[in-house]
Amino acid sequence: MLLDLSEEHKEHLAFLPQVDSAVVAEFGRIAVEFLRRGSNPKIYEGAARKLSVSSDTVQHGVEGLTYLLTESSKLMISELDFQDSVFVLGFSEELNKLLLQLYLDNRKEIRTILNELAPDLPSYHSLEWRLDVQLASRSLRQQIKPSVTFKLHLNHNGDQNTKVLQTDPATLLHLVQQLEQALEEMKTNHCRRVVRNIK
Amino acid sequence: MELSASVQRGFQTLADPGSFDSNAFALLLRAAFQSLLDAQADEAVLDHPDLKHIDPVVLKHCHAAAATYILEAGKHGADKSTLSTYLEDCKFDPERIELFCTEYQNNKNSLEILLGSIGRSLPHITDVSWRLEYQIKTNQLNKMYRPAYLVTLNVENTDSQSYPEISFSCNMEQLQDLVGKLKDASKSLERATQL
């Protein structure tokens, strides 16, 4: 699958051959850093002054590079397809190789970052548990009531959410049994077939 | 057990064969247990023809006294001798004491269950459901190809009678971690019961 680059995009990327490869590598690093942490316009100005171009040009160059990397990572295109897609830009052999290396080196991390953009349910982080025995309450003295108290830590959109819950021994055994069945499901023939065939 | 003067007076009236003959006493006793333990019991529990001849104010007072005493006894897990001592102090004859103790013994378990269920506690997990899915793509990321679980815990809240659900997603490793920790908890529970 080839990348479809718009005219505007090609224009932005046209800046790259005009600087030497060390600068392109630096732009690549900045692009990934911006994906990790968000963009920082001051960096554009610093670079623009050093290269004697407008900061807009630098910005477009970095953004173009970012888009190239994220689209390629999203589609998980092969090396060959990446090279062919970049070929239409008419860059030098050296630049093409540099871009390919940039793609391969950062693909995994970019995919992890893109994954966080998906619609999200709270996800499991960890579980703490504690065994308790209730001995008495206001309405009944001399009890022996065992229970298990949990602190369930969940992550949602970057925030940690904690829920404190309780259950009785019988339900605990039921929970273990049900969730063990859930884990076993992945090992069934049906699931294995699906995993093998959908690629 | 701390019991008010009102309860004591009610019992003294109950003890008096002039106010309550044997039949009426037995009926009132049964009515007291019923109104506490039977979920469908209503005010009509005292509407028995054999109780009609007794002044309704006296009837209500004695019913309330009996119910209060039964709850206090249940709360503290009173034994037969404690009950007998108190009833003797209220001038109950041996027959009525025996009847009271028998009724109490018969209903003791239900009483304890009822009292034990009153009170605040943390949200209580009652059930779990799960869903296994195979993620293929999102609009941001193609070719994901990995399994994911969606787990929902059904939770009961004692005070608000609400049934919130807690749902979360996890991958295989995380679910294994969760199951591992739950198994640790249940093994620890097993060991504690053998001590």
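Residues numbered from 1 in each chain as written. Chains lettered and ligands numbered in written order. Predicted model: local features only at pLDDT ≥ 70, side-chain atom pairs only at ≥ 80, totals over all residues. Heavy atoms only, no water.

### A closer look at the domain arrangement of chain B
Interface size is commonly expressed as the accessible area that is lost once the parts come together.
Phase 1 of the analysis: Entries for chain B in the domain assignment read domain 1 (5–117) and domain 2 (124–194).
Phase 2 of the analysis: Taking only C-alpha atoms into account, the centre of domain 1 of chain B sits 49 Å from that of domain 2 of chain B. (Domains from an automatic or database assignment.)

### Observations concerning the environment of tyrosine 124 of chain A
Phase 1 of the analysis: Among the secondary structure elements, tyrosine 124 of chain A is positioned in strand S1 (residues 123–134).
Phase 2 of the analysis: The exposure class of tyrosine 124 of chain A is buried, given its relative accessible area of 1%.
Phase 3 of the analysis: With 32 residues separating them along the chain, tyrosine 124 of chain A and histidine 156 of chain A place their C-alpha atoms 9.1 Å apart.
Phase 4 of the analysis: Not counting residues up to four positions away in its chain, the partners in contact with tyrosine 124 of chain A are Leu152, His153 and Leu154 of chain A together with Phe168, Ser169, Cys170, Gln174, Asp177, Leu178 and Lys181 of chain B. (Helix = DSSP H or I, 4+ residues; strand = E, 2+ residues; numbered from the N terminus. Buried < 20%, exposed > 50% of the residue type's maximum accessible area, 1.4 Å probe, protein only. Contact = heavy atoms within 4.5 Å.)

### Focus: the packing of aromatic side chains
Where two aromatic rings form a pair, the distance of their centres and the angle of their planes describe that pair.
Phase 1 of the analysis: Scanning the model with the defined rule gives 11 aromatic pairs over all chains in all.
Phase 2 of the analysis: Their ring planes at 80° and their centres at 5.7 Å tell us that phenylalanine 34 of chain A and tyrosine 44 of chain A sit as a pair that is edge-to-face. Residue phenylalanine 34 of chain A is found in helix H2 (residues 21–37), and its partner tyrosine 44 of chain A is found in helix H3 (residues 41–51); the two are separated by 10 residues along the sequence. Here phenylalanine 34 of chain A matches tyrosine 44 of chain A in class, with each residue buried.
Phase 3 of the analysis: Measuring from ring centre to ring centre gives 5.7 Å for phenylalanine 25 of chain B and phenylalanine 92 of chain B, while their planes differ by 65°; the resulting arrangement is edge-to-face. (Phe/Tyr/Trp six-rings, centres within 6.5 Å; stacked < 30°, edge-to-face > 60°.)

### Observations concerning the UniProt feature "domain: COMM" (unreviewed entry) in chain A
Phase 1 of the analysis: UniProt annotation of "domain: COMM" (unreviewed entry) refers to residues 123–190 of chain A when read in the numbering used here.
Phase 2 of the analysis: In residues 123–190 of chain A, helix accounts for 28% and strand for 49%; the two terminal C-alpha atoms are 26 Å from one another. (UniProt positions renumbered as here; feature names shortened; annotations may be inferred.)

### Some points on the nonpolar core
Phase 1 of the analysis: Residues Phe11, Leu14, Phe20, Leu83, Phe92 and Phe100 of chain B are the most contacted members of the largest nonpolar core, which totals 37 residues.
Phase 2 of the analysis: Broken down by secondary-structure element, the contributors of at least two residues to this core are helix H1 (5–15), helix H2 (22–37), helix H3 (56–76), helix H4 (80–89) and helix H5 (94–117) of chain B.
Phase 3 of the analysis: For this core, the element with the highest residue contribution is H2 of chain B, accounting for 8 residues.
Phase 4 of the analysis: When neighbours within four sequence positions are excluded, phenylalanine 11 of chain B is seen to be in contact with Ala65, Ala66, Tyr69, Tyr86, Leu87, Cys90, Phe92 and Phe100 of chain B.
Phase 5 of the analysis: Listed in part, the 36 residues of the second largest apolar core include Leu13, Val62, Phe91 and Leu99 of chain A. (Core = buried A, V, L, I, M, F, W, Y, C linked by side-chain atoms within 4.5 Å.)

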